[in-house]
Amino acid sequence: MRTNQELFFDSGKKDKSFAEVLSDVQGFVAAMHSDLIAQPGSLEAAAQIKKYIRQYLYDEKLSVSGMSDDELVEAIFTEMAEFSFLTKYIYGTGVEEIDINSWKDIEVQFSDGRNVKLDEHFDSPEHAVNVLRRMLHLSGIVIDNASPAVLGSIGKNIRIAAMKYPLVDEDVGISASIRIVNPQNMTKDDFLKHGTATEDMLDFLSACLKYGVSVCVAGATSSGKTTLAGWLLTTIPDDKRIFTIESGSRELSLIREKNGRITNSVVHTITRPSENSNMDVSQEDLLDMALRFNPEIICVGEMRSSEAYAAQESARTGHTVLTTIHSNSCEATYGRMVTLCKRVSDMSDEALMKLVTEAFPIIVFAKQLDDKKRKVMEIMECEICPDGSRKYHSLFRYDIKENRREDDRSVIIGEHIKCDAVSESLKRRFISNGMPRAELLKICGEEFKKGEFSR
């Protein structure tokens, strides 16, 4: 049943298409109340925008067939102040990534591994470009013919990479990847339930950070690197000072409170890009700053450039460093580190290899398999022998028993197995950094009990 107000509004209404009404209202609000649109997340601003939309529709006697006045106001507001049909996915639960292949081809990747191609799409290539421009505007980024490929963000945890014509076909409109990183309070039970790793593996990695052994988590995009690194940091005792460094957006959320008081010691930092390169604040800059904050653990969100050299220097000078990196295996990770370090150092590959293997004796390789489940595929130790040579010990590995297609989906069956023993030098390092022998026995198992190692 229609309200009296709606019946009153019917008098002399001009019925138009939604696109036409939206264009009219956008022009009015942008010209008269653009300051309100620039306040994303403000409930007061949202209420004011809706009030002006409603008033404009009444004054101009505008309507859309099949939509009530309330529905029309909400639809226009969603298009103008929000991000069209993408809004519910961007701010919904369980969404990790939105891939826009073209204006009419959009896919959503969920945290449970589902990848869904949406029936919904933009109205046109121009509509797609306009919505992405609105998103990027929130981080002060402009995408146009002069800058057709850009990186931006929405708030702390939504990253956007977008390309438009001439980098993609004009009839595509825009291609974009919107990465939604929801800091999750993952527990050990969550990893165990999903089969990501075993309890022994998680306990070992946690002990490494607790007792001063730097760790690098490697893998491709969406492999679960940051989620694992984030959980490892939650195992750090409250009295240890943590300094985190992230690029562009914050994915880690480590501050703990009890009864309104913060119980741990954490400094979260984010890089700041600038059109003026002299004003940039890079991960390398923040690493240099971190050393002045008396940290016990430094987390470099991702090694992607010259900060790799500073990170290994920090790890070799008494700081415990946790970081992530894009790589395709544990052993290949060291080669990747060397490549990044060479961007600021003219040392030989062999000299840099010595530095990075000393800095990060433990490498973790994570992967999202074809069945969309994330697994820790391997935990590897690199032992530096007295003669300077290196031995690689695969401590844990995920052994795939079967990989088949079933009803157009992948079915993978496997198990985590414990492989090589921890080296004597790493055991000595654990002991010298304060690990009780009972804990070392639990971490290393019978090979320690039967070994000849003594304190």
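Each remark here, short or long, concerns the structure printed above.
Residues numbered from 1 in each chain as written. Predicted model: local features only at pLDDT ≥ 70, side-chain atom pairs only at ≥ 80, totals over all residues. Heavy atoms only, no water.

Student: Would you explain the overall build of the protein chain in this entry?
Tutor: Per the secondary structure count, the protein chain includes 17 helices and 19 strands. Looking at the protein chain residue by residue over its 455 residues, the buried ones come to 47%. Long-range contacts, defined as pairs at least 24 residues apart, comprise 55% of the intrachain contacts of the protein chain with a sequence gap of at least 6. About 22,900 Å² of surface is accessible on the protein chain, with carbon and sulfur atoms providing 48% of the total. (Helix = DSSP H or I, 4+ residues; strand = E, 2+ residues; numbered from the N terminus. Buried < 20%, exposed > 50% of the residue type's maximum accessible area, 1.4 Å probe, protein only. Contact = heavy atoms within 4.5 Å. Areas by Shrake-Rupley, 256 points an atom, 1.4 Å probe, with all protein chains shown as cover.)

Student: How do you make sense of the sheet that holds strand 15 (residues 320–326) when you look at a structure like this?
Tutor: Adjacent strands of a sheet form backbone hydrogen bonds with each other and so pair up, either parallel or antiparallel. An order of 13-10-14-15-9-16-17-18-19 is seen for the nine strands of this open sheet, with the pairing classed as mixed. At either end of the open sheet lies a strand with only one pairing partner, and these are strand 13 (265–270) and strand 19 (409–418). Within this sheet the neighbouring strands show an average axis-to-axis angle of 20 degrees, counted without direction. Across seven bridges, the pairing between strand 16 (residues 362–368) and strand 17 (residues 374–384) is antiparallel. Its bridge partner lying in strand 17, isoleucine 363 is registered against methionine 380. Packed on one face of the sheet, helix 11 (residues 283–290) meets strand 10 (241–246), strand 13 and strand 14 (297–303) and runs near 165 degrees to strand 10. (Pairing = 2+ DSSP bridges. Axes fitted to C-alpha atoms, helices over the stretch in contact; angles between N-to-C directions.)

Student: Teacher, can you tell me more about the nonpolar core here?
Tutor: It is characteristic of soluble globular proteins that their nonpolar side chains tend to be buried jointly. Within the largest apolar cluster, 41 residues are counted, with the highest numbers of intra-cluster contacts made by Phe204, Leu228, Ile362, Val364, Ile379 and Phe430. Sort the elements by how many residues they give to this core and helix 9 (residues 199–210) lands first, with seven residues. Excluding residues within four positions of it along the chain, phenylalanine 204 makes contact with Ile362, Ile379, Leu395, Phe396, Val422, Leu426, Phe430 and Ile443. One finds Cys216, Ala308, Leu352 and Cys382 within the second-largest nonpolar core, a separate group that totals 37 residues. (Core = buried A, V, L, I, M, F, W, Y, C linked by side-chain atoms within 4.5 Å.)

Student: Honestly, helix 13 (residues 330–341) in this entry has me stumped. Any pointers?
Tutor: What sets the pattern is the α-helix's 3.6 residues per turn: residues three or four places apart point alike. In a regular helix each residue adds 1.5 Å, so twelve residues correspond to 16 Å; helix 13 covers 17 Å between its end C-alpha atoms and thus fits that length. What helix 13 keeps buried is the set Cys330, Thr333, Tyr334, Met337, Val338, Leu340 and Cys341. All buried residues of helix 13 fall inside an arc of 165 degrees around its axis, so they share one side. N-cap assignment for helix 13: the residue whose side-chain oxygen lies 3.0 Å from the backbone N of alanine 332 is serine 329. (Expected span 1.5 Å × (residues − 1). Arc of directions from axis to C-beta. Polar contact = N/O pair within 3.5 Å; in protein donor to acceptor, adjacent residues only side chain to side chain.)

Student: What should I look at first to understand the pattern of salt bridges in this one?
Tutor: Here the idea is simple: oppositely charged side chains can pair when their charged atoms come close. Evaluated as defined, the whole model comprises 26 salt bridges. Linking glutamate 96 and arginine 374 is a salt bridge whose minimum nitrogen-to-oxygen distance equals 2.5 Å. Taken together, the residues span a long stretch of sequence, with glutamate 96 in strand 3 (residues 95–102) and arginine 374 in strand 17 at a distance of 278 residues. By the burial criterion, glutamate 96 is buried, and arginine 374 matches it. Glutamate 406 is the partner of arginine 409 in a salt bridge, and the nearest nitrogen-oxygen pair spans 3.6 Å. Accessibility expressed as a relative area gives 46% for arginine 409, which makes it partly exposed. Connected via shared salt-bridge partners are Glu96, Glu97, Arg179 and Arg374. (Salt bridge = Lys/Arg side-chain N within 4 Å of Asp/Glu carboxyl O.)

Student: Can you help me understand the pairing of strand 8 (residues 174–180) in this one?
Tutor: Consecutive residues of a regular strand have side chains that alternate between opposite faces of the sheet. Across the seven residues of strand 8, six count as buried, placing the element largely inside the fold. Here strand 3 runs beside strand 8; their pairing, made up of four bridges, is antiparallel. From the neighbouring strand, isoleucine 98 faces strand 8, where its bridge partner is isoleucine 178.

Student: For this particular structure, what's the right way to read the pairing of strand 14?
Tutor: The element strand 14 is largely enclosed, with a buried count of seven among its seven residues. Where strand 10 meets strand 14, four bridges bridge the pair, whose relative direction is parallel. Directly across from isoleucine 242, in strand 14, lies its bridge partner isoleucine 297. Relative to strand 15, strand 14 runs parallel, the two sharing five bridges. When the sheet's bridge partners are listed, methionine 303 is paired in strand 15 with isoleucine 325. The handedness of the strand 14 to strand 15 crossover, carried by helix 12 (residues 307–315), is right-handed. (Right-handed = clockwise from strand over helix to strand, strands pointing away.)

Everything listed here is a matter of geometry and, on its own, says nothing about what the molecule does.
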